[in-house]
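Understanding the architecture of this molecule
One letter stands for each residue in the lines below.
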Amino acid sequence: MALEKQLVYAVTGASRGIGLQYVVQLLERGHKVVAAARNPDKAEGLASLAVKYGDALAMVSLDVGDPASIKAAAASIGKACPDGIDVLINNAGISGTIVESTEQDADEFRDILMINTLGPYLVIKEVLPLIRRGTKKQIVNISSSAGSIGTEAKNLRRGGECIVTHAPSMATKQVGYRASKAGLNAVTVAMAVALEKDGITVISMCPGWVATDMGNTATEALKVDRAPLTPRESVSFQLEVVDGLTLENSGSFFNHQGDVVLY
Ligand SMILES: NC(=O)c1ccc[n+]([C@@H]2O[C@H](COP(=O)([O-])OP(=O)(O)OC[C@H]3O[C@@H](n4cnc5c(N)ncnc54)[C@H](OP(=O)(O)O)[C@@H]3O)[C@@H](O)[C@H]2O)c1
């Protein structure tokens, strides 16, 4: 059911979890969505949406770990959306193995940085001409409070308690993931500054602790029953924040409730 002016959204990491939920809710709102995923043909959630929504959903192949794939995906998105895209949801990401920060493997650290930091930057760079052509001109980088250096520094003074999980055991882990999301936040601010003159809004968004494959890995590591948010709840809250964005918000780091998170 078309409830709003139809806008065009591109969502990366759209095969499952938070990315897939963005696609679901944006289609429900009557928007056009480009779902970018490593193997869109194998994503069951996307296949059923394609049947239901037809031309409102375009699917493109995108591996954010591969610069050539990012270039090719941007060209495919351009073909599917010749008038440009309004909002990029830069969501694809990995957490890596949950290990003590003193034990992070170098190759895995490098992979996490590629997929969570450099890849999302290259996605922005390649789709920028399409965002310039769109009306809303917004980029939402899906980050994490785990990448908030200010919060981590506060945690240290509070005995290592993690702000999201309230568990000291988590705060000592995942240096690669933390560095990658801090790096993504730096990309957000750099792009916000560079693109302000073009009227393009760039923010970082922490989705909260969400019951996805990634979120459930943390749940298991912490031996708690479940993550506090379902993907549906998290994305519905996030969309309220995204809907209200203006250029004045550019460069900010929000959580799903719209609170400002420390960089
Ligand atoms: N869940 C949480 O509690 C939580 C908290 C804070 C931040 N986040 C952030 O939210 C975002 C989504 O996480 P999620 O919870 O939905 O995780 P998820 O369920 O593990 O899904 C991750 C998504 O990213 C995609 N992806 C991974 N590597 C990729 C690559 N090289 N190229 C393209 N796509 C790739 C996956 O595609 P495949 O199906 O092909 O693997 C999948 O669609 C991530 O950036 C994550 O860091 C999540």
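These lines cover the structure that appears in this document, whether it is placed above or below. Model, not experiment: these values are computed from the prediction.

Mapped onto the elements, Ala80 comes out in helix H3 (residues 67-80). With 22 residues separating them in the primary sequence, Ala80 and Ala58 have C-alpha atoms 6.8 Å apart. Not counting residues within four places of it along the chain, the set of residues in contact with Ala80 comprises Lys32 and Ala58.

Right, let's talk about the pairing of strand E2 (residues 32-37) for a bit. With 6 of 6 residues buried, E2 lies mostly within the body of the structure. This β-α-β element, strand E1 (residues 8-12) to helix H1 (residues 17-28) to E2, shows right-handed connectivity. Read from E2 through helix H2 (residues 44-53) to strand E3 (residues 57-61), the crossover connection turns out right-handed.

Taken as a whole, this structure holds 1 cavity of 30 Å³ or more when the rule is applied. Roughly 40 Å³ of internal volume is contained in the largest cavity. Here the lining of the largest cavity takes 4 residues from H3, the largest share from any one element. Tallied by class, the residues present in the lining of the largest cavity amount to 8 nonpolar, 1 polar and no charged.

Moving on to the site of the ligand. Within the structure, the ligand sits among 28 residues, and Ser15, Arg38, Tyr177, Val210 and Thr212 are positioned closest to it. Within the contact set of the ligand, an oxygen atom lies 3.4 Å away from a backbone nitrogen or oxygen of Gly93. In the model, an oxygen atom of the ligand is placed 2.6 Å from a nitrogen or oxygen of the Tyr177 side chain. Contact with the protein chains covers 93% of the free accessible surface of the ligand, which is 890 Å².

Here we come to unusual backbone geometry. Even without glycine at this site, Lys137 takes up a positive phi of about 55 degrees. In this structure, Lys137 sits in the loop between helix H4 (106-133) and strand E5 (138-142). One non-glycine residue, Gln174, lies in positive phi territory at about 65 degrees. For Gln174, a relative accessible area of 7% puts it in the buried group.

To continue, consider the packing of H1 against H2. Two numbers describe how H1 lies on H2: the axes approach to 11 Å, and their chain directions differ by 10 degrees. The angle between H1 and H2 places the two elements in the roughly parallel class. Mapping the contact onto sequence places Leu20, Val23, Val24, Leu27 and Glu28 in H1 and Gly45, Leu46, Leu49 and Tyr53 in H2. Classifying every residue of the contact of H1 with H2 by side-chain character gives 7 nonpolar, 1 polar and 1 charged.

This part is about the side chain of Gln104. As for its placement among the helices and strands, Gln104 is situated in the loop between strand E4 (87-90) and H4. On the basis of relative accessible area, Gln104 is assigned to the buried category, the value being 14%. Within the structure, Gln104 has its side chain in polar contact with the backbone nitrogen of Gly176 (distance 3.1 Å). Sequence-distant contacts of Gln104, that is, excluding residues within four places in its chain, are made with Val99, Phe109, Ile112, Gln174, Val175 and Gly176.

Parameters at a glance
- Position labels on residues start from 1 in each chain and follow its written sequence.
- Where local features are concerned, this predicted model is filtered to residues with pLDDT of at least 70; where side-chain atom pairs are given and counted, the filter is 80 or more; whole-chain, interface and lining totals use all residues.
- Only hydrogens and water are set aside when side-chain values are computed; all heavy atoms of the structure are taken into account.
- In this text, helices come from DSSP runs of H or I with a minimum length of four residues, and strands from runs of E with a minimum of two, each type numbered from the N-terminal end.
- Whether two residues are in contact is decided by their heavy atoms, any of which lying within 4.5 Å being enough.
- Per-residue accessibility, obtained with a 1.4 Å probe over protein chains only, is compared with the maximum for each type, and a residue is labelled buried under 20%, exposed over 50%, and partly exposed between these values.
- Every crossover in which the path from the first strand over the helix to the second runs clockwise, viewed with the strands pointing away from the viewer, is termed right-handed.
- In this analysis, the protein atoms alone were mapped onto a 1 Å grid. Cavities are point sets where a 1.4 Å probe fits without being able to get out; pockets are open sets with protein on both sides within 12 Å along at least five of seven lines; lining residues have an atom within 4 Å of a point.
- Grid points are joined across faces, edges and corners, and a volume is the space filled by probe spheres set on the points.
- Asp, Glu, Lys and Arg are counted as charged, while Ala, Val, Leu, Ile, Met, Phe, Trp, Tyr, Cys and Pro are counted as nonpolar; the rest, among them Gly, fall into the polar class.
- Nearness here has a simple test: a residue counts as near a molecule or strand if at least one of its heavy atoms is within 4 Å of that partner.
- Throughout this description, a polar contact denotes any pair of N or O atoms lying within 3.5 Å of each other; where both atoms belong to protein, one of them has to be capable of donating a hydrogen while the other can accept it, and for residues adjacent in sequence the pair is counted only when both atoms sit in side chains.
- All accessible areas in this document rest on Shrake-Rupley with a 1.4 Å probe, and a residue is counted as covered only by the protein chains that are shown.
- Angles shown run from 0 to 180 degrees and are taken between the N-to-C directions of axes, each axis being a line fitted to C-alpha atoms and, for helices, limited to the stretch in contact.
- Just so you know how the angles are binned, under 35 degrees is roughly parallel, over 145 roughly antiparallel, 65 to 115 roughly perpendicular, and the rest oblique.

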